[in-house]
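These are the residues of each chain, in order.
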Amino acid sequence: MKQIENVYKSFLQDCHEKNLRRKLIAIEPEKAGKIKVGGQTYLNFASNDYLGLKHHPKLLEQSRKYGEKYGAGAGASRLVTGNTPLFGEIEQKIASLKGKQAALVLASGYQANGTVLQALFDKTILKSSPTIVADKLNHASMHFGCAAAGIRQKRYRHLDADHAENLLSEAPADTPAFLLTETVFSMDGDIAPMKQLINIASKNQATLIADDAHGFGILGKEGRGLAEEADIIIGTFSKALGSFGAYVAASQTVIDYLIQRCGGLIYSTGLPPTTLGSINAAIDLLPELEAERKQVQRNAAFFRNEMNNIGWDTGKSETQIVPLIIGPAKEAMELSEYLKSENIWVTAIRPPTVPEGTARLRFTFTASQSEADIEYLVKLLKQYKKKRGPQS
Ligand SMILES: Cc1ncc(COP(=O)(O)O)c(C=O)c1O
C-alpha cells in the first residue's frame, strides 16, 4: 500500500509541475449567470446551463412535486422496482422530439455513452468485432464506451468527413460498422458535418451514432438539437435542460436490445423522481425559449467577432461554446487567473482533456448573461491582449 501511495504522490507532483493539477472548488448559492466562490461573486462564463433553466421555478416545482409523491429516490434499478411512471412519459416526449420510435432515460451522459456503446458494440452479440470510425475529438465518455467493449477505434481527423469515409470504406464487408460523432464539440464549439456523415454512413451501411449533449435545447428547430437524422442519438439533460440525466433515442429494436444488455440501465438505480420532475418540466419549456436561444447565439457571435478582430484564435466555433486557444497550459492558467481577479469565472481547459499545445479558456454563453456582462469581458480581454502583445 505504501509503495502505491508513493506512485500516486509522484503522479500528483508531476501534474503540479506541468500546471495540470485539477482541483475541486466549492460553489456557494448565487443567481443564474453568476457564481460565488469563497464569498466572492463572479460573472459565470463556464456554465453549461445555457438556457438558465437550473433555477427555473417550473423545474423546481415539478421536482418538489414528484419528490413528495414518489420519494427522494427510485429505490431500485428500473428493472426491479424503480421504474416510476415519469420515465415513460419523458421517453415518449424524447422519442417524438427526436423523430425516433423509442427512447430510454439513463443516469448521466457519461454513463450513457459508456454503457450504451459498450452494449451496442458487444462482440459476442454481433458475432464479430465491429468497425468503429470516430471523430478524433469525441468526448472522453465515447472513448470509454469503446474501450469497455474492447474495441480499437479508427479515429478520423476532427470534422473531416472524407477521412471518415476512407476509414469506413476499409471496413471488412461482413462486419458491422458504426460512425461516431458529437454534434457540437464540447471543447471547441464547432459543429460536425452532419449531412455528410449521414450520407457516408448510409452509403457504407454504417450506423451513425451522434452525441447531441451540447446541441439539444439550444440548436435546431425549437431546440430539438442537430442529430435528428442520426440512427442513434445520445444526449443529456444536464446542459441546456438545466438538471441531470441522459437519454438514448433510436428504433424500438435498439431500445429493446438496450433494455436487455445496457449495464447502466440494468445494474444502476433509476434516476430520482425529483430529477425526473425537472427533466419533464424542462422538455415542456423548450418550444417557448426561442428568445433565450437567440440571445445566447447573438452574445457568442459578438464575443467571437471581437476576439477575432484583435487576433485571438477561437478555432471553428459557431455555437454557444467559444474557446480562446492559448497553447501552453501555463499561459491559459495565467489568463484565467487574471480574469478571476476581475470577477470573471472561466475554466482553463488543459491536456489531456484537449490535445497537447492547445490549452484554452472555454467560454460558454448563456441566457443569464447580459450584454453589459459580455462587453465587460471583451473590454478586459482587449486590455490584457494590449498589455501582453500578440498571441504567440
Ligand atoms: C459531448 C458530451 N457528451 C457527454 C457528456 C457527459 O454528460 P453528463 O455531464 O450528463 O455526464 C458531456 C459532458 O461533459 C459532453 O460534453
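Our subject is the structure listed above.
Remember, it's a predicted structure, so these values are computed and weren't measured experimentally. (Residues numbered from 1 in each chain as written. Predicted model: local features only at pLDDT ≥ 70, side-chain atom pairs only at ≥ 80, totals over all residues. Heavy atoms only, no water.)

Undergrad: Mind laying out the packing of helix α12 (residues 290-309) against helix α14 (residues 371-388), listing which residues take part and the relevant values?
TA: Between α12 and α14, whose axes approach to 10 Å, the crossing angle comes to 15°. Between α12 and α14, the crossing angle belongs to the class labelled roughly parallel. When the axes of α12 and α14 are compared, the crossing they make is right-handed. Listed contacts from α14 to Arg 298, Asn 299, Phe 302, Phe 303, Glu 306 and Met 307 of α12 are Glu 371, Ile 374, Glu 375, Leu 377, Val 378, Leu 381 and Lys 382. When grouped by side-chain class, the residues that make up the contact of α12 with α14 number 7 nonpolar, 1 polar and 5 charged. (Axes fitted to C-alpha atoms, helices over the stretch in contact; angles between N-to-C directions. Helix = DSSP H or I, 4+ residues; strand = E, 2+ residues; numbered from the N terminus. Parallel < 35°, antiparallel > 145°, perpendicular 65-115°, else oblique. Left-handed = near helix turned anticlockwise from the far one by under 90°. Contact = heavy atoms within 4.5 Å. Nonpolar A, V, L, I, M, F, W, Y, C, P; charged D, E, K, R; others polar.)

Undergrad: Requested: an account of the site of the ligand, with residues and values cited.
TA: Close contacts around the ligand come from 14 residues, with Gly 109, Asp 211, His 214, Ser 238 and Lys 239 the closest. The backbone of Gly 109 places a nitrogen or oxygen atom 2.8 Å from an oxygen atom of the ligand. With respect to the ligand, the side chain of His 139 contributes an N or O atom lying 3.3 Å from an oxygen atom. Expressed as a share of its isolated accessible area of 390 Å², the protein-covered part of the ligand is 83%. Here the shell around the ligand takes 3 residues from helix α4 (residues 109-120), the largest share from any one element. Residues belonging to the shell around the ligand are distributed by class as follows: 2 nonpolar, 9 polar and 3 charged. (Near = heavy atom within 4 Å. Polar contact = N/O pair within 3.5 Å; in protein donor to acceptor, adjacent residues only side chain to side chain. Areas by Shrake-Rupley, 256 points an atom, 1.4 Å probe, with all protein chains shown as cover.)

Undergrad: Any details on the pattern of salt bridges? Residues and values, ideally.
TA: Tallied over the full model, the rule gives 16 salt bridges. Across the pair Asp 212 and Lys 98 runs a salt bridge, and its minimum N-O distance is 3.7 Å. Here Lys 98 lies in helix α3 (residues 86-98) and Asp 212 lies in the loop between β7 (206-211) and β8 (232-236), a separation of 114 residues in the sequence. Of the two residues, Asp 212 and Lys 98, both sit in the buried class. As a salt-bridge pair, Asp 160 and Arg 157 come within 3.2 Å of each other at their nearest N and O atoms. Connected through shared salt-bridge partners, Glu 89, Lys 93 and Asp 284 make up one network. (Salt bridge = Lys/Arg side-chain N within 4 Å of Asp/Glu carboxyl O. Buried < 20%, exposed > 50% of the residue type's maximum accessible area, 1.4 Å probe, protein only.)

Undergrad: Summarise a nonpolar patch on the surface; cite the residues concerned and give the values.
TA: Taken together, the side chains of Ile 4, Val 7 and Tyr 8 define a hydrophobic patch exposed on the protein surface, amounting to about 290 Å² of accessible area. Mapped onto the fold, Tyr 8 is located in helix α1 (residues 2-17). (Patch = residues over 30% accessible without salt bridge, like charges linked within 9 Å, V, L, I, M, F, W, Y side chains within 5 Å.)

Undergrad: Describe the environment of Val 254, listing the residues and the values that go with them.
TA: Note on placement: Val 254 falls in helix α9 (residues 252-261). For Val 254, a relative accessible area of 19% translates into the label buried. In this structure the C-alpha to C-alpha distance between Val 254 and Leu 12, which are 242 residues apart in sequence, comes to 42 Å. Other than its neighbours up to four places away in sequence, Val 254 contacts Leu 120 and Ile 232.

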